[in-house]
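Structural characterization, general
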Amino acid sequence: MIAILAAVEEAPAGVRLLDALLLSGGFHATTVVLGTTLLGIAAGVVGTFGLLRRRALLADAAAHATLPGLAGAFLVMGWLGIEGRWSPGLLLGAGLAAALGVLAIRAIVRATRLGEDAAIGTVLSVFFGAGMVLLGVVARHPRGEAAGLEDSIFGAAATMLPGDVVLLAVVAGIAVLAAVLLLKELRLLCFDEEFGRVIGRPLGAVDAILLGLILLVVLAGLGSVGMLLVVGLLVIPPAAAGFWSDRIGRMVPIAALVGGASGWIGSAISASAPRLPTGPMIVLVAASILVASALLAPRRGVLATAATRISLRRRIAVDHLVEALSERDDRGWPLASIARERGWGGATAALVLRAARMEGLVAGPSTALRPTPRGLARGLAVRRNHRLWKAYLVRFAEVAPSHVDLTAERVEHLLAPEIVRELERSLGEEVASDGGRS
Amino acid sequence: MTGPLGEFLTLDLVPIATASLAAVACAVPGTFLLLRREGLLGDSIAHAVLPGLVIGLLLSGGLAGGAMFAGAAASALLAVGAIAWLRQGGVEPQAAMGATFTAFLAAGILLLEGSGARAVDLDPDCVISGSLESLFWIPPVDRPLLSLESLAALPRAFLVLLVVALLVVLAAAALFKELRAATFDPEFMQVAGRRPALVHAGLSTATAAAVVASFEAVGTVLVVALLVVPAAAARLLTDRLATQVVLAAAIGVLGAIGGHLLGAVLPEALGGESLSSAGSMATLLGAMLAIAALVAPEHGILVRLRRRRQVAVQTAAEDLLGWRWRVEELARRARRDRPEPPSLDPGLGRAAEAHGARRGWWSAGEGALTPRGLEEGRRLVRSHRLWERYLVEDLGLRADHVHDTAMVLEHLRSLGIEPPDPAGASLDPQGRPIPRAS
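Residues numbered from 1 in each chain as written. Chains lettered and ligands numbered in written order. Predicted model: local features only at pLDDT ≥ 70, side-chain atom pairs only at ≥ 80, totals over all residues.

It is worth spelling out the overall build of chain B at this point. Across its full length, chain B carries 18 helices and zero strands. Relative to a compact globule of 438 residues, whose C-alpha radius of gyration would be 22 Å, chain B shows 32 Å and is clearly more extended. The principal-axis extent of the C-alpha atoms belonging to chain B is close to 100 × 55 × 40 Å. In chain B, which comprises 438 residues, the proportion classed as buried is 45%. Long-range pairs, those at least 24 residues apart, make up 67% of the contacts in chain B between residues at least 6 apart in sequence. (Helix = DSSP H or I, 4+ residues; strand = E, 2+ residues; numbered from the N terminus. Rg over C-alpha atoms; globule rule 2.2 N^0.38 Å. Buried ≥ 20, exposed ≤ 12 C-beta atoms within 10 Å, placed from the backbone. Contact = placed C-beta atoms within 7 Å.)

Each side of the interface is counted separately: chain A has 48 residues, and chain B has 54 residues. Listing elements by their share of the side of chain A that touches chain B, those giving two or more residues are helix H6 (116-139), helix H7 (147-154), helix H12 (230-244) and helix H14 (278-296) of chain A. Per-element accounting of the side of chain A that touches chain B gives the leading share, 15 residues, to H6 of chain A. Tallied by class, the residues present in the side of chain A that touches chain B amount to 31 nonpolar, nine polar and eight charged. (Nonpolar A, V, L, I, M, F, W, Y, C, P; charged D, E, K, R; others polar.)

Residue and element names in this part refer to chain B. Its location among the elements puts leucine 154 in the loop between helix H8 (148-152) and helix H9 (156-174). Judged by C-beta crowding, with 19 C-beta atoms within 10 Å, leucine 154 ranks as partly exposed. In this view, leucine 154 contacts Val14, Trp137 and Leu159; residues no more than four positions away in its chain are not counted.

Residue and element names in this part refer to chain A. Where helix H18 (residues 373-395) meets helix H20 (residues 417-427), the closest approach of the two axes is 10 Å, and the angle between their N-to-C directions is 55°. Taken as axis vectors, H18 and H20 run oblique relative to one another. In the packing of H18 onto H20, the handedness of the crossing is left-handed. Only Val420, Leu423, Glu424 and Leu427 of H20 make contact with H18, whose side of the interface consists of Asn385, Leu388, Ala391, Tyr392 and Arg395. Split into classes, the residues belonging to the contact of H18 with H20 amount to six nonpolar, one polar and two charged. (Axes fitted to C-alpha atoms, helices over the stretch in contact; angles between N-to-C directions. Parallel < 35°, antiparallel > 145°, perpendicular 65-115°, else oblique. Left-handed = near helix turned anticlockwise from the far one by under 90°.)

Our next topic: the domain arrangement of chain A. The domains assigned to chain A are domain 1 (2-296) and domain 2 (305-433). Each of domain 1 of chain A and domain 2 of chain A has a C-alpha centre, and these two points are 55 Å apart. (Domains from an automatic or database assignment.)

In this section: the environment of glycine 360 of chain A. All names here are of chain A. Examined against the element boundaries, glycine 360 turns out to sit in the loop between helix H17 (346-358) and strand S1 (362-363). Of the residues examined, glycine 360 has 11 C-beta atoms within 10 Å and is grouped as exposed. A C-alpha to C-alpha distance of 9.0 Å links glycine 360 and proline 371, two positions 11 residues apart in sequence. Sequence-distant contacts of glycine 360, that is, excluding residues within four places in its chain, are made with Thr372 and Arg374.

Turning to the nonpolar core, a few remarks are in order. Formed by 224 residues in total, the largest nonpolar core has its most connected members in Ala42 of chain A together with Ala25 of chain B. The biggest single contributor to this core is helix H12 (residues 196-237) of chain B, with 27 residues. Not counting chain neighbours up to four residues away, the residues in contact with alanine 42 of chain A comprise Val171, Ala172, Ala175, Val217 and Ala220 of chain A. Counting residues in each nonpolar core, the second largest holds 15 residues, with Leu321, Leu335, Ala339 and Val362 of chain A among its members. (Core = buried A, V, L, I, M, F, W, Y, C linked by C-beta atoms within 7 Å.)

Attention now moves to the packing of helix H15 (residues 301-332) of chain B against helix H16 (residues 346-358) of chain B. Residue and element names in this part refer to chain B. Orientation of H15 relative to H16, taken along the N-to-C sense of each, is 75°, at an axis distance of 8 Å. Looking at the two axes, H15 sits roughly perpendicular to H16. Two secondary-structure elements touch here, H15 through Ala312, Val313, Gln314, Ala316, Ala317, Leu320 and Leu321 and H16 through Leu348, Gly349, Ala351, Ala352, His355 and Gly356. Residue composition of the contact of H15 with H16, by class: nine nonpolar, four polar and no charged.

Structurally, the α-helix is built with 3.6 residues per turn, so residues lying three or four positions apart point the same way. With 26 residues, helix H3 (residues 27-52) of chain A extends 38 Å between its outermost C-alpha atoms, agreeing within 8% with the 38 Å of an ideal straight helix rising 1.5 Å per residue. Along its length, H3 of chain A reaches its greatest deviation from straightness, about 25°, at valine 46 of chain A. (Expected span 1.5 Å × (residues − 1). Bend = angle between axes of the 7 residues up to and from the residue.)

In this structure, arginine 275 of chain A is a non-glycine residue whose phi angle is positive, near 60°. Summarising the element assignment, arginine 275 of chain A is placed in the loop between helix H13 (248-272) and H14. With a phi close to 60°, arginine 37 of chain B is a non-glycine residue in the positive phi region. Looking at the element boundaries, arginine 37 of chain B is found in the loop between helix H1 (3-35) and helix H2 (39-48). A count of 14 C-beta atoms within 10 Å places arginine 37 of chain B in the partly exposed class.

Printed below as a string of structure tokens:
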């Protein structure tokens, strides 16, 4: 064992990272990697439901509230003569205190006029403060081997044993099993609680189970990521999953994947170099995945929305070009005159022209542009939309005729074919085909 | 200076004064945040200052004030921006906050552990629980206490907080109208041509300043407690905004003083060692909030329970009155059947008897109605039967379905709500006469 550790110490960091990732970084590193991966999976699954139920920070309050439970359990066990570090007892105390914190939040929200934000902030800080006071008592306890308690604030993954990995596997198994068996009920709870109650589903019990699962993950995370950061594992992977899908059946596995990957990669990085604590490393990997998702996700990512916006803007500019050409006679017009009218700079005008040419909407040199038959048809369609929308605004939305041009200018590009048909039906053909100025 | 007074001046005055200043600096923005239901934003900022603080520390090479302060403030504002960015991307608000502050906290811890800054003199535990215990004041012996030299010996954290608290209070006083408008009616403010978003940005900045200034001395946990708990207690005690701000600051200061006395001074006086000051302050604040929630004059739980009990007693007394009136009505018409008496639990029944006796409906211990009781009972039964008529004839309900609803509606008389009373209605749906109005 010592020999393995020594060998690990000597290898360069890159090799050690690879070893840890491939589970060949030595017995100890492998234990930690497996354990935190399982924790990440459990947290991803449970956290998704917590997030969708808008309870993301309830877990934070619960996690903070474990501290007085840990310290209190230590003291109580001391009086009872049980060895102070007996961990089932400590976990029991932590769980009780966390449950008490959650109940306190409910009581504050129900019995007073304070909102959930105040309740969560209060429970989080007051319980943790009480825990700090109790830690002070523990520190001068005659059996004061209490340093282990403070470990659970920031987490100490290095102390993870194979037995802990088995426990974490059980926790992950319970989380996945509950998600699979109760998916229907959990979905109702998250999206349509009232409907679920009306059709007689026991949603109160399902809510309690979800709360129990959240507490379970919090307790499971105390040892490795610690009570301050465990909420990161419960919140960040589901938030990242939300960028990739808005269907719960997909969000849950994606969040599990992100959580598991964060645990795996984070603990491997942490094992590859000294002085890289595991809990923060895992949370930072998760946060990087979140940022990458927010940037790169196909529909809701920043890049995708920017691309959509650009292509829309280009389409509108092309619309304007063919609209302007369709209003003129077909002798051929210079691009510059249209650009002046629209306020386009030279570069913009060139880009618009290129796009219009690529779509085969205009022909001729840029000094004498003419619309192709297709371009003419599109220009006329845009003018027709403009007029239809204006007529609609004046007749049905009762907007003053002098005020409609501005909105019509924007909406003319966005009208879907079926809306145009609907407008034609309700406004009559004569509005669309009258010869008046658009 | 020696003796107990000198000890107090050296060891206790500065922690108390520092925490009190932190309480004031936090209570002011905390009140507005709470009213906007953004209490957790303060919580997030309190956690998110760490990486900036550490970077500032590393750059300046020691605990020199300026760089750390600037770093922490930059980090807080970056976190606010990150939260806004995630929310814009569609992440649920609580999750956006949770993801941001855990990521920032993780980065901070990693920087702290990885860079060796820990060795300088900042460690994670200190970040959490503050360093109130290590603040002391040793004024030069040969100078009066209020001389410039003595005051210059005050710790830096105290002086920074003095400035920040003063600035926060002055800014809040100067911009009170704007803050109120932006808190309660941002749309109106927008329409009136002012910029609520600017006020919100200012509020975030003030929160960040208060957090950053308080953080080093009192620690994350107490900062969160000071931001949320006094404001929550004040919100329960009053509806007036200005009173609420002042009250929140006062409660915070009271908690700071009391917490230090209970946590540090009292245990020492009893011959023990002092406990965590910040922890006992947070705990005491929690206790004060609990007391406020119980005994607050308008929104307190006890007041609300008493009000509910009064309504229950009055309702029961009216039910008793209606039953006795119906008994006498049947006796007058020489009928032998008797209506069912209202089923009341014994305690409520006694209270209802006493209530009716007080109102002069009957004399205590006797069943017979007084003339006043007969009059009141007649009005009550009239209301009941008119409601039944309304439910059947105007709303189309079945005659055998309306009694229970009418039993509830008849009590609305005490709120001045009477049933519709069309001319010529003389019988209720069961064919019983509707008593005349007078």
